[in-house]
Amino acid sequence: MGQGTQMRAHLCGIRTAWTEAERASEAVAEIAEAVGDADPVQIVAFFSPDYDPDELNRAFRERLPGTAVSGCTMSGGFSPAGGLDRGLVAIAFPRAGFRIVSALLDAIDHLDVERTAGAVRALRRTLEAGGTEEAPDHRFALSLIDGLANAEETVVSAIGWALDGIPLVGGSAGDDLTFRDTVLLHDGSIHRNAAVVILVETEFPVQIFKSDNFEPTGTKFVVTASDDEKRIVHELNAEPAAREYAMAVGLDPERLSPMSFAAYPLAVKIGGEYFCRSIRRMNADGSLSFFCAIDEGVVLTLAQPRDIVASTWAELSRLDEALGGIDLVIGFECILRRLDAESRQVRHGIADLYRRYNVVGFETYGEQYRSMHLNQTFTGIAIGRCVPEPASLLP
């Protein structure tokens with residue numbers, strides 16, 4: 001492996017590898033050298049938007065022929081050694097102990113829900129055909145969704161409906177907050193306006209999770225004018241949206257930035273629980289674009305942050321105890337959480353936690369958890385250290 005490229009072999013057989021190589025072809029060559037001799041059945045990859053996606057895809061086909069590869073662009077990644085502002089992060093699943101199937105969902109901005117649910121059900125049947133009666137608690141699903149298609153809610157709802165109880169986590173592809181081009185990789189091709197769903201069955205204990213670090217205040221906003229399809233809010237409380245928001249948090253409307261939105265999130269109450277609805281950017285006309293769908297008439301609550309390191313540690317330590325030790329975590333973290341951690345000068349504390357628990361994943365434009373699309377959240381799947389008995393669940 002070249003300088004700056006590292007690999008970690010985990011107890012479950014998964015290998016994680018990461019590199020900050022300048023060119024896409026160099027990055028894939030380094031990753032292939034790190035994991036190729038293990039003959040992985042599936043690679044899930046997260047890569048910088050400044051890599052040429054066609055070059056990256058071609059390199060994967062040439063360097064790892066016969067290996068299924070799925071992935072997406074990221075707004076930064078993290079590995080068991082720490083965070084990466086750019087580069088390539090790969091998770092290589094072994095053939096022993098894992099069964100994996102995947103599918104592409106295209107044209108998600110005009111999603112056919114019935115057709116999508118049918119495709120996911122067919123995928124689930126394929127997974128179940130070779131499984132055992134003991135396996136349901138050892139299954140999970142991963143979703144990778146184009147973060148600029150504004151379609152996550154419909155996609156996740158359709159997938160969740162068809163999974164019939166298989167827990168889902170995932171993330172929306174990012175592009176370093178430029179909002180120009182997010183890309184997905186699947187089955188040897190590059191895709192946009194698409195989603196990838198990956199179903200996994202494993203011998204090892206697993207748990208999905210979500211963690212956030214905000215709590216509601218008494219400040220409320222009613223969405224009084226919006227463009228639901230474009231996720232744009234024009235008015236809050238019958239006033240220009242950006243101005244009303246800025247006045248409530250004590251900021252100059254002209255100086256609103258991603259850091260502002262990370263520090264002062266908005267949340268919506270669903271079923272007695274609050275979920276974040278993060279602002280993507282302020283527009284020239286004083287409206288606000290969101291990362292999640294926002295309907296007219298929705299009540300938004302201003303939230304205040306809690307200690308992000310303490311709340312993340314609490315969730316990871318809970319998982320560690322529940323699983324009898326964490327082997328690794330595949331994680332999806334909102335880019336706004338990173339910005340908030342940086343502004344509060346605690347990003348190193350989060351990085352230390354992620355290294356301790358072998359967290360690997362990417363920074364997203366949104367997170368998926370079960371049948372919901374979220375913002376400013378850390379979601380993922382934790383895989384336990386428990387080594388299976390010789391009588392394996394899987395062939």
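Residues numbered from 1 in each chain as written. Predicted model: local features only at pLDDT ≥ 70, side-chain atom pairs only at ≥ 80, totals over all residues. Heavy atoms only, no water.

Attention shifts here to helix 8 (residues 335–343). In terms of residue burial, helix 8 counts as a mostly covered element, since seven of its nine residues are buried. Those residues of helix 8 that sit buried are I335, L336, R337, R338, L339, D340 and A341. A positive backbone phi angle near 60 degrees is found at Q345, which sits one or two residues after helix 8. (Buried < 20%, exposed > 50% of the residue type's maximum accessible area, 1.4 Å probe, protein only. Helix = DSSP H or I, 4+ residues; strand = E, 2+ residues; numbered from the N terminus.)

Moving on to the pattern of salt bridges. For the structure on display, the rule yields 23 salt bridges. R15 is the salt-bridge partner of D37, the closest N and O atoms lying 2.8 Å from each other. Of this pair, D37 sits in the loop between helix 1 (24–35) and strand 3 (42–47) while R15 sits in strand 2 (residues 15–19), and the two are 22 residues apart along the sequence. When its relative accessible area of 62% is taken as the criterion, D37 is described as exposed. With a closest N to O distance of 2.3 Å, D352 and R355 form a salt bridge. (Salt bridge = Lys/Arg side-chain N within 4 Å of Asp/Glu carboxyl O.)

Between helix 1 and helix 2 (residues 53–63), the least distance of the axes is 8 Å, while the angle of their chain directions is 30 degrees. Considering the angle they form, helix 1 stands roughly parallel to helix 2. As for the relative orientation of helix 1 and helix 2, their crossing is right-handed in sense. Contact residues: helix 1 offers A24, S25, V28, A29 and A32, while helix 2 offers E55, L56, A59, F60 and R63. Each residue belonging to the contact of helix 1 with helix 2 can be placed in one class, and the counts come to seven nonpolar, one polar and two charged. (Axes fitted to C-alpha atoms, helices over the stretch in contact; angles between N-to-C directions. Parallel < 35°, antiparallel > 145°, perpendicular 65-115°, else oblique. Left-handed = near helix turned anticlockwise from the far one by under 90°. Contact = heavy atoms within 4.5 Å. Nonpolar A, V, L, I, M, F, W, Y, C, P; charged D, E, K, R; others polar.)

There is about 240 Å³ of room inside the largest pocket. In this structure, the second largest pocket occupies an estimated 190 Å³ of space. Among the elements of the structure, strand 5 (77–79), strand 6 (82–84), helix 8 and helix 9 (347–356) are those that each provide at least two residues to the lining of the second largest pocket. Element by element, the count of residues in the lining of the second largest pocket is highest for helix 9, at four residues. Along the lines of polarity and charge, the residues of the lining of the second largest pocket split into six nonpolar, four polar and seven charged. (1 Å grid on protein atoms, 1.4 Å probe; cavity = no way out; pocket = protein on both sides within 12 Å on 5 of 7 lines; lining within 4 Å. Points joined across faces, edges and corners; volume = space filled by probe spheres on them.)

This paragraph deals with the sheet that holds strand 5. An order of 6-5-24-23-27-14 is seen for the six strands of this open sheet, with the pairing classed as mixed. Of all strands in the sheet, those bounded by a partner on one side alone are strand 6 and strand 14 (206–211). Within this sheet the neighbouring strands show an average axis-to-axis angle of 15 degrees, counted without direction. Pairing analysis gives six bridges linking strand 14 to strand 27 (residues 378–384), with the strands arranged antiparallel. Residue F209 lies in a different strand from strand 27, and its bridge partner there is G380. (Pairing = 2+ DSSP bridges.)

Attention now goes to a negative patch on the surface. On the surface, a cluster of negative charge is contributed by D109, D228, E229, D295 and E296. With respect to the element layout, D228 can be found in the loop between strand 15 (214–227) and strand 16 (232–236). (Patch = residues over 30% accessible without salt bridge, like charges linked within 9 Å, V, L, I, M, F, W, Y side chains within 5 Å. Areas by Shrake-Rupley, 256 points an atom, 1.4 Å probe, with all protein chains shown as cover. Lys, Arg positive; Asp, Glu negative; His and termini not counted. Charge placed at Lys NZ, Arg CZ, Asp CG, Glu CD.)

As a further point, take the packing of helix 7 (residues 308–322) against helix 9. Running from N to C, helix 7 and helix 9 cross one another at 15 degrees; their axes reach a closest spacing of 9 Å. With respect to each other, helix 7 and helix 9 are oriented roughly parallel. Crossing hand, helix 7 versus helix 9: right-handed. The residues of helix 9 that touch helix 7, namely those facing I308, V309, T312, W313 and L316, are G349, I350, L353, Y354 and R356. A per-class count over the contact of helix 7 with helix 9 returns seven nonpolar, two polar and one charged.

What follows is about the sheet that holds strand 1 (residues 6–9). What links the strands of a sheet is backbone hydrogen bonding, and the strands pair in either a parallel or an antiparallel sense. If you trace the seven strands from one edge of the open sheet to the other, you get 1-2-7-3-4-11-12, paired in mixed fashion. Across the chains shown, the open sheet's two edge strands, defined by having one partner strand only, are strand 1 and strand 12 (189–191). Between one strand axis and the next, the sheet turns through 15 degrees on average, direction left out of account. Where strand 2 and strand 7 (residues 88–93) come together, five bridges link them in antiparallel fashion. Across the sheet, residue R15 finds its bridge partner in strand 7, namely A92. Sitting on the sheet, helix 1 is in contact with strand 1, strand 2, strand 3 and strand 7, with an inclination near 155 degrees to strand 2. Sitting on the sheet, helix 2 is in contact with strand 3, strand 4 (68–73), strand 7, strand 11 (184–186) and strand 12, with an inclination near 145 degrees to strand 12.

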